[in-house]
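# Structural overview
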Amino acid sequence: MRSLLRMRTFAVLAAVGLSSALAAGYNLQAPLVPDPKLSPGDVLTSDPKIVCVSGYTKTVRNVPQSLKEQVYRAYGITSRQSGEYEIDHIISLELGGSNSVRNLFPESFKTMPLNAHVKDAVENRLHDLACSGKITLAEAQQTIASNWTTAYVKYIGPLPGGAQPVMVGAAVPHPPTTTVPAQPSAAPVPAGSSTTTGQTLPNGDGSCPAAAPIKGNVGSRGKIHHLSQGDGNYARTYAEACFSSATAAQAAGYRGIR
Amino acid sequence: MTSGPTLVLTVIGTDRAPTSSDARLLTRAQAVIEADPHFKALSGASLQRGEVNAGVTETESGYLYLRYDVPGAVPQEFWAHWGKKDHVGWSSGQVSVKTEQNTR
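This is a predicted model, so every value here is computed, not measured. (Residues numbered from 1 in each chain as written. Chains lettered and ligands numbered in written order. Predicted model: local features only at pLDDT ≥ 70, side-chain atom pairs only at ≥ 80, totals over all residues.)

Another aspect to go through is the sheet that holds strand 2 (residues 46–53) of chain B. Residue and element names in this part refer to chain B. Strands sit in the order 1-2-3-4-6-5 across an open sheet of six strands; the sheet is mixed. Looking at which strands have only one partner, the edges of the open sheet turn out to be strand 1 (9–12) and strand 5 (87–89). Each adjacent strand pair in this sheet contributes to an overall mean axis angle of 25 degrees, direction not counted. Summarising the sheet, strand 1 and strand 2 pair through four bridges and their orientation is parallel. What sits directly across from V11, in strand 2, is V52. Across the face of the sheet, helix 1 (residues 20–34) comes into contact with strand 1, strand 2, strand 3 (64–69), strand 4 (76–83), strand 5 and strand 6 (94–98) while running at roughly 110 degrees to strand 6. (Pairing = 2+ DSSP bridges. Helix = DSSP H or I, 4+ residues; strand = E, 2+ residues; numbered from the N terminus. Axes fitted to C-alpha atoms, helices over the stretch in contact; angles between N-to-C directions. Contact = placed C-beta atoms within 7 Å.)

Shown next as structure tokens:
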């Protein structure tokens, strides 16, 4: 019953988001997954001793803007609105992905229900699994390069809004599967389920369950947690992790706002 | 701290082969990078990758992607292009190589 209610709630939110996205003129046909012919994904390093060190991504350089523009052109995106897209690393930096153009694709924040925020969640999940030794870093890299939507299903759970994994071309280096294993090796924690660390996965719409209302988000300023009260950014923050206490958030590396 | 002799320069975004200008840019960029004090502080760095991004002009940043492997450390990525002077922006990884015309 609760899950049905959640699905209905998400459907309403998705519909609202879709209509506002349409009204704003965003490209809702933006690619949800990379074209493997243009960008199959590329690894910088698979060494967890390098990647799993706190602050690692800050040691990796930024993609020049001219190269980002090349990626937009390659994907046929000739115009865009502010905040509509990011040039995303197919294998994220936190998973050891490179800055080669082979590892870049334009990803929309505005498509619904699948978008860059949703991919961020699976990137973070895979990073946690790889850096805790539950899967290898190479496995994490391979799975997200194959198809991040199937990786989401495998390592987190159903995609938000009842979305199905997106099929990509047969030329994908590691063919994706839409089959959900009965018992994933890494035992994903369903949204709202508490763990001993006080951390849970967010709801599909980026909100947090009542039992763990503190939102964790990873942005250009690193991992930050947002409290439900006294934080003006709380409502608009799309949670990538949820915590039962600020202490739990800090223990997971999410600092408070300044 | 120099490139291996078998590095293959690839071109991304078009079917064309690397030009002689691309090859010269790679060689010159290596020299500029490897003369940088930050680079000299790296131990055992070796050039592993050279990619021409054909969607960018050769005088724009991002044209030639270079990657050095550094044993036990974060690999170093650079983007080289023909510019007005030899310069390495160590934090950005952008490398300007003085155009051959300007070297005369």
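Turning our eyes to something else, we now look at the confidence of the model for chain A. All names here are of chain A. For chain A, the average pLDDT comes to 80, and 76% of its residues sit at 70 or higher. Long-range and interchain partners of residues 1–5, a stretch whose pLDDT sits below 50, account for zero contacts in this model, where long-range means more than four residues apart. In this model residues 170–195 is a low-confidence stretch, pLDDT under 50, and it forms 53 contacts with partners more than four residues away in sequence or in other chains. (pLDDT = per-residue confidence, 0-100.)

Further remarks concern unusual backbone geometry. Along the chain, M112 of chain A connects to P113 of chain A via a cis peptide bond; the corresponding omega equals 0 degrees. In this structure, P113 of chain A sits in the loop between strand 2 (104–108) and helix 4 (116–131).

Before going further, it helps to spend a moment on the pairing of strand 2 of chain A. Residue and element names in this part refer to chain A. Strand 2 sits mainly inside the fold: five of its five residues count as buried. Bridge analysis of strand 1 (residues 85–89) against strand 2 gives five bridges, and the strand direction is antiparallel. Residue pairing across strands places Y85 opposite S108, the latter belonging to strand 2. (Buried ≥ 20, exposed ≤ 12 C-beta atoms within 10 Å, placed from the backbone.)

On to the packing of helix 4 of chain A against helix 6 (residues 148–155) of chain A. A pair of packed helices is characterised by two quantities: the angle between their axes and the separation of those axes. Residues and elements named next belong to chain A. Contact geometry for helix 4 and helix 6: axes closest at 9 Å, N-to-C directions at 55 degrees. What the angle tells us is that helix 4 and helix 6 run oblique. Crossing hand, helix 4 versus helix 6: left-handed. When helix 4 is examined against helix 6, the residues V118, K119, V122, R125, L126 and L129 are found in contact with a partner set consisting of W148, A151, Y152 and Y155. Of the residues contributing to the contact of helix 4 with helix 6, the split by class is eight nonpolar, no polar and two charged. (Parallel < 35°, antiparallel > 145°, perpendicular 65-115°, else oblique. Left-handed = near helix turned anticlockwise from the far one by under 90°. Nonpolar A, V, L, I, M, F, W, Y, C, P; charged D, E, K, R; others polar.)

Another aspect to go through is the domain arrangement of chain A. Residue and element names in this part refer to chain A. Assigned domains of chain A: these are domain 1 (22–162) and domain 2 (199–251). Once you take the C-alpha centre of each, domain 1 and domain 2 turn out to be 21 Å apart. Contact with domain 1, which involves seven residues of that partner, is made by eight residues of domain 2. Within the side of domain 1 that touches domain 2, the residues separate by chemical class into three nonpolar, three polar and one charged. (Domains from an automatic or database assignment.)

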